[in-house]
Amino acid sequence: MFDSLSDKLGGIFDKLKKSGALKEADVSAALREVRIALLEADVALPVVKDFVEKVREKAVGQEVLKSVTPGQMVIKIVNDQLVEMLGGEGETISLAAASPVPVLMVGLQGSGKTTSTAKIAKRLTEKEKKKVLMASLDVRRPAAMEQLQILGEQTGVATLPIVAGQMPVDIAKRAMTAAKLQGFDVVMLDTAGRLHVDQSLMAEVIAIRNEVNPHETLLVADALTGQDAVNVARQFSDQVGLTGVILTRMDGDGRGGAALSMRAVTGKPIKLVGVGEKIDDLEEFHPERVASRILGMGDVVSLVEKAAETIEAEEAEKMVRKMKKGQFDFDDLRSQLRQMKKLGGMSGVLGMLPGLGKMQKQMASANIDDKLLARQEAIINSMTPKERTDPRLLNASRKKRIAAGAGVSVQEINKLVKMQKQMASMMKKMGKMGKKGGGMPLPGQLPPGMENLLPK
């Protein structure tokens, strides 16, 4: 989403870091470029003006101009201001109210409202251990109610039975009554949308709001629609009153202006973001992490959290035991490749590590994509169990057989063997150095062996 903006800001800050001592004119010139970069990223003009002025106030102070590393100080100030613009502290959905807690989902047609309703309901069920009831109030769109019902069956979340001919306010009233009688903790109310904001839409949403008095009113907006999403948010905020925003399609190739403008324009926090089409592709929005990724500082915290969710404890303990013995065979390498795929592939991991943004692009330009991980796994699968546990057995004839089985060249087998040897060597070092520390790749470096995959 923020790749283009990240590239432009990275280029601006590279110049500042090379300058050494900074003059006020240097900072002003850099901020002019920052202003253009933000406008090109589709950030709202008033937001850009306010952002640049606040950065200028702090960046032309004596402490920056006389700092030992003035370029780094300017980057820190821009980072802090980005975090503030995105909302400071991250906020998630609040359920601090008497049960059943009504959560009203609003937005335009096609923004992903129904899918987001199911995603949030599943998240609350699994992570918060809440009993959730979903109800579709969309009597206009064909099969809208059936869509939510199917999503409910897929996620294991209860949905309100459909009664033909009922109006939205009556459905909402029935949902709240059913939730009270059946002991539900949360009621997710999925309202109808329109292709654009009109008075009949607003009147319907306001009538539902007045009936159920929602604890949370969440606007679902498509991040790819840019400034249009911000305008929609402003209208809903003014007429209905919002408590937060859910941005969908944050994994797309939009310019990111909607995400950067939303909080500043509406004063409401972005609470969750949709990062894919799968029902689990929903994440909390952390302003400080998003700012770090935009400025090329990576997002190690999110990577660690994602790893904690996907890496099985048993596998991790097994790896630690083998590491202590200094062992690392092809079975272990295959396990690592599978974990990397679960974490979003090679590009997903590199995008979250500090200083590896350029390497990510280098890989893309060399057509190194996540299919490479699948090919490497195919090579390992073509080996016999003995070959996987004892790589020394891999002579020329065995390599030819494996290459034919995996549909790759012998050269690719050799690359993978070299990678396994380097990673095994690293494991031995880590096993020996334990208490002394060291052995792990530094920020900006790939794990041993991975550099062989990059273009020379």
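Residues numbered from 1 in each chain as written. Predicted model: local features only at pLDDT ≥ 70, side-chain atom pairs only at ≥ 80, totals over all residues. Heavy atoms only, no water.

1. Details of the overall build of the protein chain
Here is step 1 of the chain: Counting its secondary structure elements, the protein chain contains 21 helices and 8 strands.
Here is step 2 of the chain: Within the protein chain, buried positions represent 47% of all 456 residues.
Here is step 3 of the chain: Accessible area of the protein chain: about 22,300 Å², with a carbon and sulfur share of 52%. (Helix = DSSP H or I, 4+ residues; strand = E, 2+ residues; numbered from the N terminus. Buried < 20%, exposed > 50% of the residue type's maximum accessible area, 1.4 Å probe, protein only. Areas by Shrake-Rupley, 256 points an atom, 1.4 Å probe, with all protein chains shown as cover.)

2. Concerning the pattern of salt bridges
Here is step 1 of the chain: A complete count under the given rule lists 21 salt bridges for this structure.
Here is step 2 of the chain: A salt bridge links lysine 54 to aspartate 50; the nearest nitrogen and oxygen atoms lie 3.3 Å apart. Separated by 4 residues within a single helix, lysine 54 and aspartate 50 lie in helix 3 (residues 45-59), roughly one turn from each other.
Here is step 3 of the chain: Overall, lysine 54 belongs to the partly exposed group, its relative accessible area being 29%.
Here is step 4 of the chain: Overall, aspartate 50 belongs to the partly exposed group, its relative accessible area being 41%.
Here is step 5 of the chain: In this structure, arginine 194 and glutamate 204 form a salt bridge, with 3.7 Å as the shortest nitrogen-oxygen distance. With arginine 194 in the loop between strand 4 (186-190) and helix 9 (199-212) and glutamate 204 in helix 9, the pair connects residues that are 10 residues apart, well separated along the chain. Here arginine 194 and glutamate 204 have matching classes, each one buried.
Here is step 6 of the chain: Connected through salt bridges with shared partners, the residues Arg140, Arg194, Asp198 and Glu204 form a single ionic network. (Salt bridge = Lys/Arg side-chain N within 4 Å of Asp/Glu carboxyl O.)

3. Observations concerning the pairing of strand 4
Here is step 1 of the chain: With respect to burial, strand 4 is a largely interior element, 5 of its 5 residues being buried.
Here is step 2 of the chain: The two faces of strand 4 match: Val186, Met188 and Asp190 on one face and Val187 and Leu189 on the other face are all buried.
Here is step 3 of the chain: As paired strands, strand 1 (residues 101-106) and strand 4 are joined by 5 bridges and run parallel to one another. Within strand 4, the position partnered with proline 102 by the bridge is valine 187. (Pairing = 2+ DSSP bridges.)

4. Let's talk about helix 11 (residues 257-266)
Here is step 1 of the chain: Burial analysis of helix 11 places 7 of its 10 residues in the buried class, which makes it a mostly covered element.
Here is step 2 of the chain: Residues of helix 11 that are buried: Gly257, Ala258, Ala259, Leu260, Ser261, Met262 and Thr266.
Here is step 3 of the chain: Taken from the residues just after helix 11, glycine 267 is the one with a positive phi, measuring 75 degrees.

5. So, the confidence of the model for the protein chain
Here is step 1 of the chain: With 77% of its residues at a pLDDT of 70 or more, the protein chain has an overall mean of 81.
Here is step 2 of the chain: With pLDDT under 50 throughout, residues 435-456 is counted as low confidence; its partners more than four residues away or in other chains account for 45 contacts. (pLDDT = per-residue confidence, 0-100. Contact = heavy atoms within 4.5 Å.)

6. Here we look at the sheet that holds strand 1
Here is step 1 of the chain: In space, the 8 strands of this open sheet follow the order 3-2-4-1-5-6-7-8, with mixed pairing throughout. Of all strands in the sheet, those with a lone pairing partner are strand 3 (158-159) and strand 8 (282-284), marking the two edges.
Here is step 2 of the chain: Relative to strand 6 (residues 244-248), strand 5 (residues 216-222) runs parallel, the two sharing 5 bridges. Each residue of the ladder has a partner; that of valine 220, found in strand 6, is isoleucine 246.
Here is step 3 of the chain: Across the sheet, helix 7 (residues 144-155) lies against strand 2 (132-136), strand 3 and strand 4, angled at about 160 degrees from strand 2, the strand it touches most.
Here is step 4 of the chain: Seen against the sheet, helix 10 (residues 227-239) touches strand 1 and strand 5 and runs at an angle of roughly 160 degrees to strand 5. (Axes fitted to C-alpha atoms, helices over the stretch in contact; angles between N-to-C directions.)

7. Overview of unusual backbone geometry
Here is step 1 of the chain: Omega for the peptide link from serine 99 to proline 100 comes to -5 degrees, which places this bond in the cis form.
Here is step 2 of the chain: Here proline 100 is to be found in the loop between helix 5 (70-86) and strand 1.
Here is step 3 of the chain: The phi dihedral of aspartate 42 is positive, around 75 degrees, even though this residue is not glycine.
Here is step 4 of the chain: Located in the positive-phi region is alanine 143, a residue other than glycine, with phi close to 65 degrees.
Here is step 5 of the chain: With respect to the helices and strands, alanine 143 occurs in the loop between strand 2 and helix 7.

8. A few points about the side chain of threonine 266
Here is step 1 of the chain: Turning to its location among the elements, threonine 266 is positioned in helix 11.
Here is step 2 of the chain: A residue is classified by how much of its surface remains accessible, and threonine 266, at 12% relative accessible area, is buried.
Here is step 3 of the chain: Polar side-chain contacts of threonine 266 include one of 2.8 Å to the backbone oxygen of methionine 262.
Here is step 4 of the chain: In terms of polar contacts, threonine 266 uses its side chain to reach the backbone amide nitrogen of lysine 268, at 3.0 Å.
Here is step 5 of the chain: With sequence-adjacent residues up to four places away left out, threonine 266 is seen in contact with Ala233, Arg234 and Ser237. (Polar contact = N/O pair within 3.5 Å; in protein donor to acceptor, adjacent residues only side chain to side chain.)

9. Structural notes on helix 6 (residues 113-127)
Here is step 1 of the chain: In this model helix 6 runs 21 Å from its N-terminal to its C-terminal C-alpha over 15 residues, within 8% of the 21 Å that 1.5 Å per residue would give.
Here is step 2 of the chain: Burial analysis of helix 6 places 11 of its 15 residues in the buried class, which makes it a mostly covered element.
Here is step 3 of the chain: Every buried residue belonging to helix 6 is among Lys113, Thr114, Ser116, Thr117, Ala118, Lys119, Ile120, Ala121, Lys122, Arg123 and Leu124, and all of these are buried.
Here is step 4 of the chain: Just beyond helix 6, the residue with positive phi is lysine 129, at close to 55 degrees. (Expected span 1.5 Å × (residues − 1).)

10. Considering the packing of helix 2 (residues 24-40) against helix 3
Here is step 1 of the chain: Between helix 2 and helix 3, the least distance of the axes is 10 Å, while the angle of their chain directions is 160 degrees. What the angle tells us is that helix 2 and helix 3 run roughly antiparallel. The interaxial crossing formed by helix 2 with helix 3 has right-handed handedness. Taken together, the residues of helix 3 that come into contact with helix 2 (itself represented by Val27, Ser28, Leu31, Val34, Arg35, Leu38 and Leu39) are Leu45, Val48, Lys49, Phe51, Val52, Val55, Arg56 and Ala59.
Here is step 2 of the chain: Among the residues making up the contact of helix 2 with helix 3, the classes are represented as 11 nonpolar, 1 polar and 3 charged. (Parallel < 35°, antiparallel > 145°, perpendicular 65-115°, else oblique. Left-handed = near helix turned anticlockwise from the far one by under 90°. Nonpolar A, V, L, I, M, F, W, Y, C, P; charged D, E, K, R; others polar.)

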